[in-house]
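A look at the structure
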Number of protein chains: 2
Amino acid sequence: MIFMSDVANKVLLIVLDGASDRPLGGTTPLAHAKTPNLDALAFGGINGIMDTIAPGIRPGSDTSHLAILGYDPYKYYTGRGPFEAAGVGIDVKGGDIAFRCNFATVEGGKVTDRRAGRIDDTDELARTINTKVKVPNIEVIFKRSTGHRAALVLRGKELSAAISDTDPKKEGLPMKESHATDGSPEAKRTAEIVNNVSDQVTKAIDKSPINIERRKQGKPPGNAILIRGAGEVPHIPPFEERYGMKGAVVANAGLIIGIGKMCGLDFLPVIGMETMSPVERVKAKVTKALEALKTHDFVLLNIKGADEAGHDGEMERKTRYVEAVDDAFKPLTSLKDTLIIITVDHSTPISLKDHSADPVPILMNGPGVRVDEVGRYNELIAHKGGLCRIRGMDVMPIVLDLINRTKKFGA
Amino acid sequence: MIFMSDVANKVLLIVLDGASDRPLGGTTPLAHAKTPNLDALAFGGINGIMDTIAPGIRPGSDTSHLAILGYDPYKYYTGRGPFEAAGVGIDVKGGDIAFRCNFATVEGGKVTDRRAGRIDDTDELARTINTKVKVPNIEVIFKRSTGHRAALVLRGKELSAAISDTDPKKEGLPMKESHATDGSPEAKRTAEIVNNVSDQVTKAIDKSPINIERRKQGKPPGNAILIRGAGEVPHIPPFEERYGMKGAVVANAGLIIGIGKMCGLDFLPVIGMETMSPVERVKAKVTKALEALKTHDFVLLNIKGADEAGHDGEMERKTRYVEAVDDAFKPLTSLKDTLIIITVDHSTPISLKDHSADPVPILMNGPGVRVDEVGRYNELIAHKGGLCRIRGMDVMPIVLDLINRTKKFGA
């Protein structure tokens, strides 16, 4: 980092998704990996540990990204439905009612397979649903996700998320009728719409070509959708309005792209990523993020691979991935006039194969930061740095102060 | 600590009551004492300092234990009455109205001695009160404490703690009538019951053998009770319900036993403790706690002696006691598959002879913790550890995360 001015004018916030860990054999992937570039950024910056939500609270990637972007997840995280819908690429709007769905098999009025034999080829079914299912004055948006999963959004006036699921949770039972859980007329109306949509879907797709084909092959058809996890899409104050900065997100995980968009960040896709190796992807994303700093004041770059290795419990793979990421970070060490924050949204310990609440490392490098004595970037040493222990919701206030975009409280 | 698995399945939470201090001559009892076992546990664990309530808030043992057990004292600490009653061994229930009482001397309608000449032999008086004092539909439970002190509990429907004391606070004045402080019918009714109980008590014990004897000896009789500090016993969600762990408490301080029971911990007494030396007691309690880990998932072990030495302002005694405690902790250094937390509920500085808000040291030792470079257990060095500075209310969330009993917030 070459300091050309005393105050940065751009912000690059990098989230190494799930990269931090618990020690195994006395070390962690971040501590064990050779990371000369991350270490140089730590050496020239201020370091600390961070509870993305609060001590002991195990974050999802959704709640932690909201917190790091300064949106209190206890206020804005309204359930799985809205974030699942945003994650599969539906451009959700504040007030939409969103659901998670499964394609399922219903025969003789009963759910015989809640995942329709883990059906995967659901493009045609989703197209048919979007074409045929109609509700007066309500926009019905359906989108497939991976495997048997999908998301549903209802957009219109006088809707409510206070309704129950149609998913009976067990096979051998009929689909449930959705009903209002709070007695309001909006909830009653929304439950009726959900039941209506559910009926229309079954009629629309039961005899679709793919299901006829599946029946021929002895596979359970995907001839119904189970609807659950109703949530109202939160009205999130747009990033630019809130912070006075034009922001962008560079990511390839649907959930992160969805959250970025919900917060008003411009999503900047990397073209051709499908055919790249994981290492090439990281490099392409770093390049994209650096380009984005020319057009945007703030860039969120999410890098997902370490989290996946953590979920798979693969220490060696996680370590090597961290090294590849570090290699891609070489250009960051000579970036000018930019406040770089490198952190993690949650630990994904190899030992748990799931998220944990162990605090994550955070470094801030750029003009004006109080450089401390920490010279390595990892979760075992970061607590010795000048940031001590902060929370996810502290990041944006600290950033805004460092780049001198904060108003004084008092005189 | 021998790591047999990546995640602990038992939790031992040890509170060295009042053990931390402010430096005198540059050192503290914890820092000055030779504590090889505590130091070994610190060396193999993660360390930090803790504000049991919040920075600068001086905790009682009651409020701090509530916080460390994850029960917000600002919500569950409903005054001295309920905790005093629990502390003297009344099995209080949520909704009970509890009071602190003094035995006093009333002559000619006036309180002539608020402590009845510091009367100490009150067993017979308490028995008489429990036998003779009757209120329709209300259970009246009275229990003596040390010296002239006692506790009173009213159990029944439509009671309220919004009532005033009968204690005139000054001698030479008549006892006060209790009255409602919020105008509610429940408070009015409860004040009437308190006045009724107060009258009945005086009638019941004025001429009791012990008081006849005291008058003969020229001592002021304990012929009345002054009632104060009304509080409603809080409805505390039971520990097992809240955390999914069967918990036990090993302690000999009444207040800690009472709080443990109120939180749903099984109280496991150490038999024969009355005849043991302080050092023998600590060893017996450690043994009991280790046994308890076989039948319970979570054990709270409270060790009181350092607090007493602090209240008495005895540096040397406090230091030696800490060394005796350390000696009793030898078996902890080879404990398997257990998350050990060693902390303090509040500082009791020699210089103050009372509690202070100076943060206390905390260590966590067990599978999965991020071992830091701190190699001694004391309040002067703990801040260098990986926990940095946490709060009492953070302990249980961090513990639940470390033992993998936490749900994810988000996806």
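Before reading on, note that the structure itself is shown above.
The text that follows walks through the structure, step by step, so that each part is easy to find. (Residues numbered from 1 in each chain as written. Chains lettered and ligands numbered in written order. Predicted model: local features only at pLDDT ≥ 70, side-chain atom pairs only at ≥ 80, totals over all residues. Heavy atoms only, no water.)

1. What to know about helix 14 (residues 395–402) of chain B
All names here are of chain B.
- Among the eight residues in helix 14, seven count as buried, and that is most of the element.
- Those residues of helix 14 lying buried are Val-395, Met-396, Ile-398, Val-399, Leu-400, Asp-401 and Leu-402.
- Looking one or two residues past helix 14, Asn-404 carries a phi angle of roughly 65°, positive in sign. (Buried < 20%, exposed > 50% of the residue type's maximum accessible area, 1.4 Å probe, protein only. Helix = DSSP H or I, 4+ residues; strand = E, 2+ residues; numbered from the N terminus.)

2. Comments concerning the side chain of B:Asp297
Residues and elements named next belong to chain B.
- Mapping Asp-297 onto the fold places it in the loop between helix 11 (278–295) and strand 10 (298–303).
- Within the structure, Asp-297 has its side chain in polar contact with the backbone nitrogen of Lys-246 (distance 2.7 Å).
- Aside from chain neighbours lying at most four places away, what touches Asp-297 is Asn-9, Lys-10, Val-11, Gly-244, Met-245, Lys-246 and Arg-405. (Polar contact = N/O pair within 3.5 Å; in protein donor to acceptor, adjacent residues only side chain to side chain. Contact = heavy atoms within 4.5 Å.)

3. Observations regarding the interface of chain A and chain B
- Taken together, the 37 residues of chain A in the interface contact 26 residues of chain B.
- Across the chain A to chain B interface the summed buried area is about 2400 Å²; carbon plus sulfur atoms make up 53%.
- Where chain A meets chain B, there are four salt bridges.
- Among the ionic pairs, A:Lys384 bridges to B:Glu373, the shortest N-O distance being 2.4 Å.
- Residue assignment for the side of chain A that touches chain B shows that the elements contributing at least two residues are strand 3 (58–59), helix 3 (61–68), helix 4 (73–76) and strand 14 (388–391) of chain A.
- In the side of chain A that touches chain B, the residues fall into 16 nonpolar, 10 polar and 11 charged.
- Here two bridges tie strand 3 of chain A to strand 14 (residues 408–409) of chain B, and the two strands are oriented parallel to one another. (Buried area = accessible area lost by both parts, 1.4 Å probe. Salt bridge = Lys/Arg side-chain N within 4 Å of Asp/Glu carboxyl O. Nonpolar A, V, L, I, M, F, W, Y, C, P; charged D, E, K, R; others polar. Pairing = 2+ DSSP bridges.)

4. Focus on the relation of the copies chain A and chain B
- Between chain A and chain B, the superposition needs a rotation of 124° and an axial shift of 0.0 Å, giving an RMSD of 0.1 Å. In symmetry terms, the pair is related by a three-fold rotation axis. (Least-squares fit on C-alpha atoms with pLDDT ≥ 70 in both.)

5. Remarks on the packing of helix 3 (residues 61–68) of chain B against helix 10 (residues 254–262) of chain B
Residues and elements named next belong to chain B.
- Where helix 3 contacts helix 10, the two axes come as close as 10 Å, and the packing angle between them is 35°. The element helix 3 and its partner helix 10 pack so that their crossing is right-handed. Residues Ser-61, Asp-62, His-65 and Leu-66 of helix 3 lie in contact with helix 10, whose contacting residues are Leu-255, Ile-256 and Ile-259.
- Each residue belonging to the contact of helix 3 with helix 10 can be placed in one class, and the counts come to four nonpolar, two polar and one charged. (Axes fitted to C-alpha atoms, helices over the stretch in contact; angles between N-to-C directions. Left-handed = near helix turned anticlockwise from the far one by under 90°.)

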